[in-house]
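Chain by chain, the residues run as shown.
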Amino acid sequence: MTVAVQEGSKSPGAGKRPLDHRAEPQWRDASLAVNGVFHTVHVDTRMTLLDALREKLKLTGSKKGCDQGQCGACTVHVDGERHLSCLTLAVAVQGRNITTIEGLAQGDNLHPMQRAFIDHDAFQCGYCTSGQIMSAVACIGEGHAGTDGDIREYMSGNLCRCAAYPNIVAAVKQAKAEMEKS
Amino acid sequence: MRPFAYESPSDAAAAVALASVPASAHVTAPVQFKGGGTTLIDLMKLDVMGPTTLVDITGLKDEAMRRIERSGDDLRIGSLVSMATLHEDQSIVRDYPILTESLWQGASQQLRNMARLGGNVLQRTRCSYFRDVSFAQCNKRDPGSGCSALDGVNRAHAVLGTSGHCIALYAGDWAPALIALDARVEVLGRSGPRSLAFADLHRLPGTTPHIETSLVPGELITAFIVPGGPRRRSLYRKIRDRVSYQFANASAAVALELDGDLVRDVRIGLGGVATVPWRARKAEQVLRGKRLTESSATAAADAEFESAQPRKDNRYKVALGKATVVRALLEAQAMEVV
């Protein structure tokens, strides 16, 4: 991701508004259905789904990359659609079916996409990988993996700093063939 | 992020009642509607927006807000339809390429799944100085504080519709298509529903860049009406620094009606170059009733960008914007339309 060097009168905190002490944190019990299991978690309304998964449910497979909806490392499925958990409030997805990277394998049997990422060495540092895999599974389900060009276009919301992109495309193609067989 | 109360009302009327609170502008109101949240939650994390209450509208029972309907020449699109849903609708792909191409060239699939069309048109600028609160000057964020972008790094900023107070870009892709098609917006407020031209939704920055729309705090967009369909000879061309998942440097939404080579009707919306969704009426005027050729298209583009006011880093947008208009017009002309 490119970060523009900015000119202008930058001074720490110059444009920040004072904290409003009248506003108190608001706590809620939120009921989350994650990988087929119901959990009730006590959350601040500000808590994102990503933070709830990682901090409350200790499901740390979903990663916090940019935390601003730009990198895709936090991708999970909400009712089967890929969403960014960093821009999703935990209180807003109660009753929805949430699937994370931890919910893909059947016991010790990896999902075909997980297997394909290993087979094709589709990662280096691995930080973006769980988001890539969740996005790739949905990409095939949506019917957006017909050509290499489609895969690149519809996987563009998942950034890989190590630039393993060619291997990711190869992995998606392999998994697609297997997923369509079964 | 600042603490906030979270409400999830059951219908639009209840949502409007919760959000109808006094404020100088809808974007600074203490109560904000939350749809997909892809702009709002981001800006709340950055402390650019600090509402004290969020009203989640994604669970509203008003089914019409989730529907895509055709009635005669009109297309009605509910505001809670997601970007992904509209862009996947095969009858819209066939009849309104301008609407679907502008959607799939915007954002990523994750964001398109989350973002609703009502929020899409209200997305706020990506001006770096607006988004980074460590810059003291931003007339949009802090009225009267000045503008760091005027003489700062402004390669991504607007050249049309600017003022001495703000040159922030309207970065959305779908709105240029809506403005080109003379869409209307249906809005629900405390005193009932009203409808306005999409062209009247966004306000030029002028001396009050923090007032971005003509919506009153509490007013909720419920639907978009696109008249005069289908628009099969239409498209969206977007030029950007990388081929996917990037904001426009320049874009053009074009709908054409031809009589041989003669332009019976032409509509052009511009993105990536202006402070608001931009209707290129001067360009349309040059072309209407004339033959569409590279030379007449160039004359039209020249006429539209005559009033452009580039700054230090964004002069390229004048030439690029013109070239984008010409290319979009000629490619729309070349479309095979049944």
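If you're wondering where the values come from, they're calculated on a predicted model, not measured in any experiment.

Draft legend 1. Seen up close, the overall build of chain B. Helices and strands together make up the secondary structure of chain B, namely twelve helices and twelve strands. Its C-alpha atoms give chain B a radius of gyration of 19 Å, near enough to 20 Å, the size a compact globule of 338 residues would have. The dimensions of chain B, computed from C-alpha atoms along their principal axes, are 60 × 50 × 35 Å. Counting every position in chain B, which comprises 338 residues, the buried fraction comes to 55%. Partitioning the intrachain contacts of chain B with sequence separation of at least 6 by distance along the chain shows that 65% fall at a separation of at least 24.

Draft legend 2. Molecular detail of the sheet that holds strand S10 (residues 250-259) of chain B. Residues and elements named next belong to chain B. Here four strands make up an open sheet; going across it, the order is S9-S10-S11-S12 and the pairing antiparallel. One side of each edge strand has no neighbouring strand; the edge strands of this open sheet are strand S9 (234-239) and strand S12 (278-279). Both S9 and S10 contribute to a ladder of six bridges, which runs antiparallel. Note on S10: the bridge partner recorded for arginine 237 is alanine 252. Running over the sheet, helix H5 (residues 97-104) touches S9 and S10 and is turned about 25 degrees from S9. With respect to the sheet, helix H12 (residues 316-334) is in contact with S9, S10 and strand S11 (262-271), its orientation differing from that of S10 by roughly 35 degrees.

Draft legend 3. Quick peek at the interface of chain B and chain A. Each partner contributes to the interface: chain B provides 37 residues, whereas chain A provides 40 residues. Of all the elements in the fold, those that place two or more residues in the side of chain B that touches chain A are strand S1 (5-7), helix H2 (40-45), helix H6 (109-114) and helix H8 (128-131) of chain B. Here the side of chain B that touches chain A gets five residues from one element, more than from any other, and that element is H6 of chain B. Partitioned by chemical class, the residues of the side of chain B that touches chain A number 15 nonpolar, 15 polar and seven charged.

Draft legend 4. Representation of the domain arrangement of chain A in the model. Residues and elements named next belong to chain A. What the domain assignment reports for chain A is domain 1 (27-103) and domain 2 (112-181). Placing the centre of domain 1 and that of domain 2 at their C-alpha centroids yields a distance of 21 Å. Taken residue by residue, the interface counts 15 residues in domain 1 and twelve residues in domain 2. Broken down by secondary-structure element, the contributors of at least two residues to the side of domain 1 that touches domain 2 are strand S3 (75-78) and strand S4 (81-84). At three residues, S3 tops the list of elements feeding residues into the side of domain 1 that touches domain 2. A breakdown of the residues in the side of domain 1 that touches domain 2 according to their chemical character gives five nonpolar, seven polar and three charged.

Draft legend 5. Spatial organisation of unusual backbone geometry. Going from glycine 229 of chain B to proline 230 of chain B, the amide bond is cis rather than trans, its omega being -10 degrees. Note that proline 230 of chain B resides in the loop between strand S8 (220-226) and S9. With phi around 50 degrees, aspartate 79 of chain A is a residue other than glycine that occupies positive phi space. As for its position among the elements, aspartate 79 of chain A is in the loop between S3 and S4. With a phi angle near 50 degrees, aspartate 121 of chain A is a residue other than glycine that sits in the positive phi range. Secondary-structure assignment places aspartate 121 of chain A in the loop between helix H2 (112-119) and helix H3 (129-142). Here aspartate 121 of chain A falls in the exposed class, since 11 other C-beta atoms lie within 10 Å of it.

Draft legend 6. Just the pairing of strand S2 (residues 37-44) of chain A, in detail. Residues and elements named next belong to chain A. One ladder, built from eight bridges, connects strand S1 (residues 27-34) with S2; its direction is antiparallel. Counted as the bridge partner of arginine 28 is valine 43 from S2. Between S1 and S2, which follow one another and run antiparallel, lie two residues, and asparagine 35 among them has a positive phi close to 50 degrees.

Draft legend 7. Local environment of the nonpolar core. Membership of the largest hydrophobic core comes to 157 residues, with the highest contact counts inside it found for Ala90 of chain A together with Ile98, Leu178, Val254 and Val325 of chain B. Element by element, the count of residues in this core is highest for H3 of chain A, at seven residues. Ignoring sequence-local partners within four residues, the contact set of valine 325 of chain B consists of Ala252, Ile268, Ala280, Ala283, Ala297, Ala300, Ala301 and Glu304 of chain B.

The rules behind these values
- Residues numbered from 1 in each chain as written.
- Chains lettered and ligands numbered in written order.
- Predicted model: local features only at pLDDT ≥ 70, side-chain atom pairs only at ≥ 80, totals over all residues.
- Helix = DSSP H or I, 4+ residues; strand = E, 2+ residues; numbered from the N terminus.
- Rg over C-alpha atoms; globule rule 2.2 N^0.38 Å.
- Buried ≥ 20, exposed ≤ 12 C-beta atoms within 10 Å, placed from the backbone.
- Contact = placed C-beta atoms within 7 Å.
- Pairing = 2+ DSSP bridges.
- Axes fitted to C-alpha atoms, helices over the stretch in contact; angles between N-to-C directions.
- Nonpolar A, V, L, I, M, F, W, Y, C, P; charged D, E, K, R; others polar.
- Domains from an automatic or database assignment.
- Core = buried A, V, L, I, M, F, W, Y, C linked by C-beta atoms within 7 Å.

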